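The residues making up each chain are set out below.
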Amino acid sequence: MRNAVIFTGIPMQYPLELTFKFWALAPQISVADAQGNLVFYVKQKLFKLKEAITIFADVERTRPLYYIKADRIIDFSARYDFTDSNGANIGAVKRRGLKSLWRARYDIFDGDITTLNIQEKNPWVKIADALFAEIPIVGMFTGYVFNPVYLVSRTDGTVVMRLEKIPSFLSRKFTIKPVDQVSDREEQQVLLSLMMMLLLERNRG
């Protein structure tokens, strides 16, 4: 299994660390490789009826790498399509409607075909997290106690990637680790899908 992958000429080393600043006025995501090098940066725009997100290679947002666009105005089951900086389609991700209310579930598409899916490993973690957060003073440390795990699998159930929250206080931090072999195209689809999922799930623990 490879430890290094290449996205648009930028080498990356696993595990990746994803930092989600959910407390900022505009939610921000940064992804760094094992050497601490920034590889992705997202700053979500506020008050957009139809979601459109740009993934950059730098914090200054001068080098766009990918674009994510919703196929409809604010909808629980919207499909989010991925394109690269040249406009070429890469894939898409879609929340699995009502089935995602209890346990987060997302389908990853290559064209119109579902090739991978994301599933929350244990939905009870976010329930415990929400209850713990209501406890005065103690609830401030909920980010250190309950840490959800999301598994990316093929349609046959083979797990290929794992996203796990790690203890943190003022921001949410996650590690992304490969579990099985994937193609370069699948890797792009998975990482873009995980970032989009965290933006959509930010209010659920």
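Before reading further, recall that the structure is shown in the block above.
Heads up: these notes are all about the structure in this document. (Residues numbered from 1 in each chain as written. Predicted model: local features only at pLDDT ≥ 70, side-chain atom pairs only at ≥ 80, totals over all residues. Heavy atoms only, no water.)

As for the overall build of the protein
- Per the secondary structure count, the protein includes three helices and 14 strands.
- Residues counted as buried form 46% of the 205 residues belonging to the protein.
- Relative to all contacts within the protein whose residues are 6 or more apart in sequence, the contacts with residues 24 or more apart total 40%.
- Of the roughly 10400 Å² of accessible surface on the protein, a fraction of 56% belongs to carbon and sulfur atoms. (Helix = DSSP H or I, 4+ residues; strand = E, 2+ residues; numbered from the N terminus. Buried < 20%, exposed > 50% of the residue type's maximum accessible area, 1.4 Å probe, protein only. Contact = heavy atoms within 4.5 Å. Areas by Shrake-Rupley, 256 points an atom, 1.4 Å probe, with all protein chains shown as cover.)

Some thoughts on the nonpolar core
- Leu 18, Ile 29, Phe 40, Ile 55, Val 152, Ile 176 and Met 195 are the most contacted members of the largest nonpolar core, which has 43 residues in total.
- Counting residues per element, this core draws most heavily on helix H3 (residues 184-201), which supplies nine residues.
- Beyond its immediate chain neighbours, meaning those up to four positions away, Val 152 contacts Ile 108, Leu 116, Asn 117, Ile 118, Thr 158, Val 159, Val 160, Met 161, Val 190 and Leu 194. (Core = buried A, V, L, I, M, F, W, Y, C linked by side-chain atoms within 4.5 Å.)

What to know about the packing of aromatic side chains
- A full pass over the atoms with the stated rule returns one aromatic pair.
- With 6.1 Å between their ring centres and 70 degrees between their planes, Phe 40 and Tyr 66 make a pair best called edge-to-face. Of this pair, Phe 40 sits in strand S5 (residues 38-43) while Tyr 66 sits in strand S7 (residues 64-70), and the two are 26 residues apart along the sequence.
- A relative accessible area of 3% means that Phe 40 is categorised as buried.
- With a relative accessible area of 1%, Tyr 66 lands in the buried category.
- Over the aromatic face of Phe 109 sits the side chain of Arg 79, whose NZ or CZ is 4.8 Å from the ring centroid. (Phe/Tyr/Trp six-rings, centres within 6.5 Å; stacked < 30°, edge-to-face > 60°. Lys NZ or Arg CZ within 6 Å of the ring centre and 35° of its normal.)

Focus: unusual backbone geometry
- For the bond running from Tyr 14 to Pro 15, omega is 0 degrees, close enough to zero to count as cis.
- Here Pro 15 is to be found in the loop between strand S2 (10-13) and strand S3 (16-21).

Brief notes about H3
- Under the 1.5 Å per step criterion, the end-to-end length of H3 is 26 Å for 18 residues, consistent within 8% with the ideal 26 Å.
- Burial within H3 is extensive, with 15 of its 18 residues counted as buried. (Expected span 1.5 Å × (residues − 1).)

Re the pairing of S7
- The pairing of strand S6 (residues 52-56) with S7 spans five bridges and is classified as antiparallel. Within S7, the position partnered with Thr 54 by the bridge is Tyr 67.
- Here S7 pairs with strand S8 (residues 79-84) via five bridges, running antiparallel. Within S8, the position partnered with Tyr 67 by the bridge is Thr 83. (Pairing = 2+ DSSP bridges.)

Quick word on the pattern of salt bridges
- As enumerated under the stated definition, the model contains eight salt bridges in all.
- The salt bridge partner of Asp 107 is Arg 96, with a shortest N-O separation of 2.7 Å. Placement of Asp 107 in strand S10 (residues 105-110) and of Arg 96 in the loop between strand S9 (89-95) and S10 is noted, with a sequence separation of eleven residues between them.
- On the accessibility criterion, Asp 107 (15% relative accessible area) is buried.
- By relative accessible area, Arg 96 is classed as partly exposed at 28%.
- Note that Arg 162 and Glu 164 form a salt bridge whose closest N and O atoms lie 3.3 Å from each other. (Salt bridge = Lys/Arg side-chain N within 4 Å of Asp/Glu carboxyl O.)

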